[in-house]
Amino acid sequence: MKTIPDGGVLGPNAREASIQRLKATTEPGQELDILIVGGGIVGTGAALDAVTRGLSVGIVEANDWAAGTSSRSSKLIHGGLRYLEMLDFALVKEALQERGLLLSELAPHLARPVPFLYPLTKPFFERPYVGAGIALYDAMSVSSGHSRGVPFHKHLSRRGTLRAAPSLKDDAFVGSIRYYDGQVDDAKYCANLIRTAAHYGAHAVNQMAVVDFLREGERVVGAKVVNHEDGTQFNIRAKQVINATGVWTDETQAMVTDRGQLKVRASKGIHLVVPRDRFQSTVGLILRTEKSVLFVIPWGRHWIIGTTDTDWNLDKAHPAASSKDIDYVLEHVNKVLKRPLTREDVEGVYAGLRPLLAGENDSTAKLSREHVVAHPVPGLVVVAGGKWTTYRVMAKDAVDEATRTMDERVPPSCTETIPLLGASGFKAAWNRRNRTAEESGVHVARIEHLLNRYGAMTPEVLSIIAEKPELAEPLPGADDYLQAEAVYAASHEGARHVTDVLTRRTRISIEAWDRGVSAAPVVAKLVGDVLGWSEAQRESEVRNYIARVEAERLSQQQPDDESADAARLGVEDIVPLR
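Given the structure is predicted, the values throughout are model-derived calculations rather than measurements.

Colleague: Lay out the domain arrangement of the protein in plain terms, naming residues and giving numbers.
Modeller: Domain boundaries in the protein define domain 1 (12–69 + 188–263 + 366–417), domain 2 (100–184 + 265–357) and domain 3 (426–569). Computed from C-alpha atoms alone, the centre-to-centre distance between domain 1 and domain 3 is 28 Å. Taken together, the contacts link 14 residues of domain 1 with 16 residues of domain 3. For the domain 1 face of the interface with domain 3, the top three residues by lost area are Pro12, Lys188 and Arg195, together amounting to 50%.

Below, the structure is given as structure tokens:
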């Protein structure tokens, strides 16, 4: 019996249907083939990988889809030039293969090329050295077997560099090399990925936390979970469990065993969001720092500037950016800008944690970004490390390991041929965008915005507007996003709270000057209508969101990690009123 509606709709009815199916796994013959714990990019990727092999799959996430690391990246899909310099050719080649696949096949509606300048500061020897490296970077992507998806690099003179980026200091560079990588809205991609897995039959439930694992002797045979939405607990049985919890890997693994553990170390990276008009440039920048690299990334009507790379041993759910972090990023980007950026230019700030495989080295910048798959006890597979870009390979390897001991023969992974929902038909939809605008009465610029977020599923959003034309209005303080998108987030994309909509289904929390405070009451009304909230629940959601914004602002004024963490933890996650 199919329990997920066609089209991968993750609304409240689909969530309840999935819960009922997961509860039924304790009945004879009803256990899942695979249960995945963790709804970040690797977990949702594993769900799609497993379900498209014909397996019965469940996936649970303690918070929201991509609530942790997977929504707080630099928004890049790239091979990593600095890993090339570290001679990690295998990792770079693998990542470039995945970049081409994402751009050309899997998600052309969500991922797109973005140009960068690699500035040259020394005459004579630096250009041939860096040029050879970037030429190798391009060459490795050509041999991937998929479309590159991006143009080749080009050498620019000092004059050409300033023409591309007029706001750079005249004497900061002797020239540059322009190259391309890929860009994606990480949280939107993850939400689309889990919808695609649901479309193929995966049973996906967010706000569902694992509190213990079920054991039969040494073997893990499932998990005990708690539904954060109503407080109920129940057991889920599965032949294999995949632990894909990222920076929480150690804690999740410790529920089962302390033997043969993978050790994951969290490294904090922060990003600043500033308006696009604060400096002129048609391209992004990659700048060397004494510790790592700093990206200046075009992001719609904004720039994303980051990142840092520092050890983090405090709260993993809400990593906080300190005043010191912000000053570090501003200081380094201002070294190359004619007009320095100030705190007043910063629209948004976000911090995320990289799950690095711990080693002997004390520097997180040198810990491995390669991933590892382990089978510490029968029935439990752990996947850890890796890069966002290579999520599909990590997911494949984890499912390969989980199915290795299954009695029946399981087909190999086929996700490199499975486009995400909205990808098929995207180019045709883009080509008829002017006609769509005429038919819907929505301005063509809005249609383009929707197509770049929903692809061929854009008519689903437009149908909401057709029923209630007032939902074509933008959300307060966030002109880029329509009210219909908040409705769609709850009815189709699994959003359960105001925070889900403002921080992940849209990026209002980092793109709006007020960080979404003025939009919160409207979103609470729209989402509440879909999810059946009482007036008290709506008010509670708005209060919690405003308090969260205030706590984050306060944390960003603190001098160090400890005080920033204490300030951010002044607000707990929203708990539904029961």
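Colleague: Summarise the packing of helix 2 (residues 41–51) against helix 7 (residues 186–199); cite the residues concerned and give the values.
Modeller: One way to put it is that helix 2 packs onto helix 7 with a least axis distance of 8 Å and a crossing angle of 25 degrees. The pairing of helix 2 with helix 7 is recorded here as roughly parallel in orientation. Where helix 2 crosses over helix 7, the handedness of that crossing is left-handed. Along the contact surface, helix 2 presents Ile41, Thr44, Gly45, Ala47, Leu48 and Val51, while helix 7 presents Tyr189, Cys190, Leu193, Ile194, Thr196 and Ala197. Here the residues of the contact of helix 2 with helix 7 are counted per class, giving 9 nonpolar, 3 polar and no charged.

Colleague: Outline unusual backbone geometry, listing residues and values.
Modeller: Peptide bonds are mostly trans, and most non-glycine residues show a negative phi. Positive phi values are uncommon outside glycine, yet Ala66 reaches one of about 65 degrees. Its location among the elements puts Ala66 in the loop between strand 2 (57–60) and strand 3 (76–77). Its relative accessible area of 1% is what places Ala66 among the buried residues. Phi is positive for Lys75, which is not a glycine, with a value near 65 degrees. Turning to its location among the elements, Lys75 is positioned in the loop between strand 2 and strand 3. A residue is classified by how much of its surface remains accessible, and Lys75, at 0% relative accessible area, is buried.

Colleague: For the state of the cysteines, give the residues involved together with the corresponding values.
Modeller: Within the structure shown, the criterion is met by 0 disulfides. Left unpaired, Cys190 is separated from the closest cysteine sulfur, that of Cys414, by 19 Å. Residue class for Cys190 comes out buried when judged on its relative accessible area of 0%. Exposure remark for Cys414: the relative accessible area of 23% places this residue in the partly exposed category.

Colleague: Just give me the short version of a nonpolar patch on the surface, but keep the residues and values in it.
Modeller: A contiguous nonpolar surface patch, about 280 Å² in accessible area, is contributed by Leu87, Phe89 and Leu136. If you trace the backbone, Leu87 turns up in the loop between helix 3 (81–85) and helix 4 (89–106).

Colleague: So, the packing of helix 18 (residues 520–531) against helix 19 (residues 535–555): which residues are in play, and what are the values?
Modeller: A pair of packed helices is characterised by two quantities: the angle between their axes and the separation of those axes. Between helix 18 and helix 19, whose axes approach to 9 Å, the crossing angle comes to 140 degrees. By the angle between their directions, the pair helix 18 and helix 19 is classed as oblique. Remark: the crossing between helix 18 and helix 19 carries right-handed chirality. Facing Ala520, Pro521, Ala524, Lys525, Gly528 and Asp529 of helix 18, the residues of helix 19 in contact are Arg538, Val542 and Tyr545. A per-class count over the contact of helix 18 with helix 19 returns 5 nonpolar, 1 polar and 3 charged.

Colleague: Lay out helix 12 (residues 433–440) with the relevant residues and their values.
Modeller: By the burial criterion, the buried members of helix 12 are Arg433, Thr436 and Ala437. All buried residues of helix 12 lie within an arc of 100 degrees about the axis, which places them on one face of the element. Facing away from the buried side of helix 12 by over 90 degrees, the exposed positions are Arg435, Glu438 and Glu439. Looking at the buried residues of helix 12, the elements they touch are helix 11 (426–431), helix 13 (444–454) and helix 14 (458–467). Taken from the residues just after helix 12, Gly441 is the one with a positive phi, measuring 75 degrees.

Conventions we followed
- Residues numbered from 1 in each chain as written.
- Predicted model: local features only at pLDDT ≥ 70, side-chain atom pairs only at ≥ 80, totals over all residues.
- Heavy atoms only, no water.
- Domains from an automatic or database assignment.
- Contact = heavy atoms within 4.5 Å.
- Buried area = accessible area lost by both parts, 1.4 Å probe.
- Axes fitted to C-alpha atoms, helices over the stretch in contact; angles between N-to-C directions.
- Helix = DSSP H or I, 4+ residues; strand = E, 2+ residues; numbered from the N terminus.
- Parallel < 35°, antiparallel > 145°, perpendicular 65-115°, else oblique.
- Left-handed = near helix turned anticlockwise from the far one by under 90°.
- Nonpolar A, V, L, I, M, F, W, Y, C, P; charged D, E, K, R; others polar.
- Buried < 20%, exposed > 50% of the residue type's maximum accessible area, 1.4 Å probe, protein only.
- Disulfide = S-S within 2.5 Å.
- Patch = residues over 30% accessible without salt bridge, like charges linked within 9 Å, V, L, I, M, F, W, Y side chains within 5 Å.
- Areas by Shrake-Rupley, 256 points an atom, 1.4 Å probe, with all protein chains shown as cover.
- Salt bridge = Lys/Arg side-chain N within 4 Å of Asp/Glu carboxyl O.
- Arc of directions from axis to C-beta.

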